[in-house]
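Per-entry structural report
One letter stands for each residue in the lines below.
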Amino acid sequence: MANFIFGTGTDGRRVFRYLKRIKKKNLFFFDNDKKKNNKKFFGTKVYNFSFNKKFNVQSIYLGGRYMDDQFHQIKKSKYFGKVKIIKTDRWKYVPSVSEIKSKENDLKKLLQKIMPILIKKIDFIADASTLLGLLRKNYLSSFSDLDFAVKQSDMKKLHSILKKNLSKKKYKILIRKYKKRQIFFNKKEIHQIAVIEKCDLKKREPLNLDFCAEKKVKNYYYKIADEIFYSKVPEIFRKKIILKKYKDRIFFPIPKNFIKYVELCYGNSWKRRSKRWKNSQSKRYRYIKNF
């Protein structure tokens, strides 16, 4: 009986490592990317979701923010009527202790090197789940990435600093620009800069620093969150910034009135872990189509 994991991204890889750790056998991947069909990944096969009848599927594991979409896609298929569909809890299907320790050690080295430079030269804050992790005193290495909001006019400078100070052998620096005008952002302005560690994915997930541009218009700061949502934050949360200590001489810039800010982002229950948080639950996010 075959056990499938839907998706080869961060959450799919996390679930795969967990299932291997508990000795689950006959593991395969489904992926909607047709280019990955019949390719090898993590020593096993990946198949496009257009189902191949030769498999006797016992269960399909889902993970991440798109679980509901994956679930509906499976239910629409005629092949999976009696298959067990498992929506994984990210707080249960966690990395091993050795994975977290390895990633945490490398994260501290990266942050100790780059954060003091950025704090001096760039206008930015630790944002979203990273700020939440700091306040909850989580291991930041347990997150898929670290989120930062950066003043739009500083994005080019940020890119130069990262290129100058980070080794090409250890990190990839990816830059994304707007392909068209979106709300207040112009075509070809830098939207996002990602620093991604080069590591063995079979052992653990790479470090990922995600810097997203935000722009002040009148009394608000705007940022494109994804294809559906944009962020709108009152300027009061950007006027006064303080440094929040993480560990081992590592500090993050955060809004001085950070409690009000996380309540804006995550509501009054932000101290409790949410199994399936969505941007639509936040007061800061708005639908782009309604702009």
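Helix and strand content of the protein chain: seven helices and 16 strands. Oriented by its inertia axes, the alpha-carbon framework of the protein chain measures out at about 60 × 45 × 40 Å. Burial statistics for the protein chain: of 291 residues in total, 48% are counted as buried. Taking as baseline every contact in the protein chain between residues at least 6 positions apart, the subset at least 24 positions apart corresponds to 61%. Of the roughly 16,800 Å² that the protein chain leaves accessible, carbon and sulfur atoms contribute 49%. Across the protein chain, 78 positive and 25 negative side-chain charges occur, with their mean positions spaced 2 Å apart.

On to the pairing of strand 4 (residues 44-48). Where burial is concerned, most of strand 4 is hidden: four out of the five residues are buried. Direction of pairing for strand 2 (residues 27-31) relative to strand 4: parallel, over a ladder of three bridges. If you follow Phe29 over to strand 4, its bridge partner there is Val46. As paired strands, strand 3 (residues 39-41) and strand 4 are joined by three bridges and run antiparallel to one another. If you follow Phe41 over to strand 4, its bridge partner there is Thr44. Hairpin connection, strand 3 to strand 4: the antiparallel pair is bridged by two residues, and Phe42 has positive phi, about 55 degrees.

What follows is about the layout of surface pockets. Reported here for the second largest pocket is a volume of approximately 350 Å³. Arg13, Leu174, Ile196, Pro206 and Asn208 are the residues nearest the centre of the second largest pocket, which is lined by 20 residues in total. Listing elements by their share of the lining of the second largest pocket, those giving two or more residues are helix 1 (10-21), strand 9 (171-177), strand 10 (190-197) and strand 11 (208-217). Considering every element that reaches the lining of the second largest pocket, the biggest residue donor is strand 10, with five residues. Along the lines of polarity and charge, the residues of the lining of the second largest pocket split into eight nonpolar, four polar and eight charged.

Criteria and cut-off values
Residues numbered from 1 in each chain as written. Predicted model: local features only at pLDDT ≥ 70, side-chain atom pairs only at ≥ 80, totals over all residues. Heavy atoms only, no water. Helix = DSSP H or I, 4+ residues; strand = E, 2+ residues; numbered from the N terminus. Buried < 20%, exposed > 50% of the residue type's maximum accessible area, 1.4 Å probe, protein only. Contact = heavy atoms within 4.5 Å. Areas by Shrake-Rupley, 256 points an atom, 1.4 Å probe, with all protein chains shown as cover. Lys, Arg positive; Asp, Glu negative; His and termini not counted. Charge placed at Lys NZ, Arg CZ, Asp CG, Glu CD. Pairing = 2+ DSSP bridges. 1 Å grid on protein atoms, 1.4 Å probe; cavity = no way out; pocket = protein on both sides within 12 Å on 5 of 7 lines; lining within 4 Å. Points joined across faces, edges and corners; volume = space filled by probe spheres on them. Nonpolar A, V, L, I, M, F, W, Y, C, P; charged D, E, K, R; others polar.

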